[in-house]
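Coordinate analysis (summary)
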Amino acid sequence: MKSSLTRLLIWISVCAASLAVYGFWYSAIAGRSAAVADLQSQIDNRMEAAGRVAAARTALAEIAGDESAVQNYFVPETGVVPFIDNLEARALARGTAMKVLSVSVGNSAKKPTLVLSFSIRGTFDAVMRTVGAIEYAPYDISVSRLSLVKEEKSSWNATLELIVGSVPASVATSTREAVRKSVSFHGI
């Protein structure tokens, strides 16, 4: 009987030791599994962020052309003379003579503008076509004043004041291309 009791105690000790080792290894593996899950979550988050960055770069590249097209609707402070030359060419193409009366900077702090005054001389039809061509030119233009005066039998004179959207010289050159940064996952 003594030997059966000894054997029983040995088997109970072996079972208890096995359960203790099993519990120790189980907790060690569960801890490592949680660490791996945390690392996988970090990798997923960084991959998602990299995807958003790539999508943002693609969107910026797509709208870069749109930005330059929109910038062309505004007259830069340094581009007033070519703008006036453009308007004079429009007037000449319609058979009128255009004279610049004044050029000044608008007083709006929110939206920079230029205020230009012109005198246009020609036939009524030519003067009105010139005014229309200027008003609908591909710029941010609004007519603030227009007066028509008949000078001679078929000669008309229009005095026109325009408010033209402007941009500071620093913005007119275009925005700088974003510095490309690379994302690395080597330290994970």
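Residues numbered from 1 in each chain as written. Predicted model: local features only at pLDDT ≥ 70, side-chain atom pairs only at ≥ 80, totals over all residues. Heavy atoms only, no water.

**Digging into helix 3 (residues 124–135)**
How we decide: Put simply, DSSP H or I for four residues or longer makes a helix, DSSP E for two residues or longer makes a strand, and each gets a number counted from the N terminus. Working rule for helices: expected span equals 1.5 Å times residues minus one. Any residue under 20% of the maximum accessible area for its type is buried, any over 50% is exposed, and the rest in between are partly exposed; the area is computed with a 1.4 Å probe on protein chains only. What the arc describes is the spread of directions from the helix axis to the C-beta atoms.
For helix 3, spanning 12 residues, the distance from its first C-alpha to its last is 16 Å, which sits close to the expected 16 Å at 1.5 Å a residue. Looking at helix 3, one finds that the buried residues are Ala126, Val127, Thr130, Val131, Ala133 and Ile134. End-on view of helix 3: buried residues confined to an arc of 165°, all on one side of the axis.

**Overview of the environment of leucine 101**
Our working definition: Whether two residues touch is decided by their heavy atoms; if any such pair falls within 4.5 Å, the residues are in contact.
Structurally, leucine 101 can be placed in strand 2 (residues 97–105). On the basis of relative accessibility, which here comes to 45%, the residue leucine 101 falls in the partly exposed class. Each C-alpha atom, one on leucine 101 and one on serine 117, is 5.2 Å from the other, the two residues being 16 residues apart in sequence. With residues up to four places along the chain from it excluded, the contact list for leucine 101 reads Ser117, Phe118, Ser119 and Thr159.

**What about helix 2 (residues 80–93)?**
Between its first and last C-alpha, helix 2 extends 20 Å over 14 residues, near the 20 Å set by a 1.5 Å rise per residue. Along helix 2, the residues that are buried comprise Val80, Phe83, Ile84, Leu87 and Ala91. For helix 2, the arc enclosing every buried residue in end-on projection is 95°, short of the 170-degree limit, so these residues lie on one face. Away from the buried face of helix 2 by more than 90 degrees, exposed residues Val81, Leu92 and Ala93 are located. Looking at the packing, one finds that the buried side of helix 2 touches strand 1 (75–76), strand 2, strand 3 (113–122), helix 3, strand 4 (141–150) and strand 5 (156–167).

**Here we look at the pattern of salt bridges**
In plain terms, the rule: We define a salt bridge as a side-chain nitrogen of Lys or Arg found within 4 Å of a carboxyl oxygen belonging to Asp or Glu.
All told, the structure shown has 5 salt bridges when counted by the stated rule. Two residues, arginine 52 and glutamate 48, come together in a salt bridge whose shortest N-O distance is 2.9 Å. Highlighted residues: arginine 52 and glutamate 48, both in helix 1 (residues 2–71), separated by 4 residues, approximately one helical turn. The salt bridge partner of arginine 145 is glutamate 161, with a shortest N-O separation of 3.4 Å. Of this pair, arginine 145 sits in strand 4 while glutamate 161 sits in strand 5, and the two are 16 residues apart along the sequence. Classification of glutamate 161 as buried rests on a relative accessible area of 17%.

**Focus on the pairing of strand 4**
Stated formally: When DSSP finds two or more bridges between a pair of strands, those strands are recorded as paired.
Pairing of strand 4 with strand 5 involves 9 bridges; the strand directions are antiparallel. In the sheet register, valine 143 faces strand 5, and the bridge partner there is leucine 162. Counted between consecutive antiparallel strands, the loop separating strand 4 from strand 5 contains 5 residues.

**Remarks on a nonpolar patch on the surface**
Heads up, the condition is: Distance thresholds for patches are 9 Å for like charges and 5 Å for nonpolar side chains (Val, Leu, Ile, Met, Phe, Trp, Tyr), applied to residues having over 30% relative accessible area and no salt bridge. The Shrake-Rupley method, run with a 1.4 Å probe sphere, supplies the accessible areas, and residue values consider only the shown protein chains as cover.
Side chains of Leu5, Leu8, Leu9 and Ile12 sit close together on the surface and give an oily, nonpolar patch of about 390 Å² of accessible area. Within the secondary structure layout, leucine 9 lies in helix 1.

**A few points about the side chain of threonine 113**
Its place among the elements puts threonine 113 in strand 3. Setting aside residues up to four positions removed in sequence, threonine 113 forms contacts with Ser104, Val105, Gly106, Ile163, Val164 and Ser166.

**Thoughts on the nonpolar core**
The cut-off we apply is this: Nine residue types can take part in a nonpolar core, namely buried Ala, Val, Leu, Ile, Met, Phe, Trp, Tyr and Cys, and a core is a set of them joined through side-chain atoms within 4.5 Å.
By size, the foremost hydrophobic cluster in this structure holds 20 residues, and its most contacted members are Ile120, Leu162 and Val164. Of all the elements, helix 2 adds the most residues to this core, at 5 residues. Beyond its immediate sequence surroundings of up to four residues, leucine 162 is in contact with Leu87, Leu114, Val115, Leu116, Phe118, Ile134, Ile141, Ser142, Val143 and Ser144.

**Comments concerning the confidence of the model for the chain**
Close reading of the predicted structure is inappropriate where its pLDDT is low. Put simply, the test is: What pLDDT reports is the predictor's confidence in each residue, on a scale of 0 through 100.
The share of residues in the chain with pLDDT of 70 or more is 88%, and the mean pLDDT across the chain is 84. Across residues 172–185, where pLDDT falls below 50, the model places 8 contacts with residues more than four positions away in sequence or in other chains.

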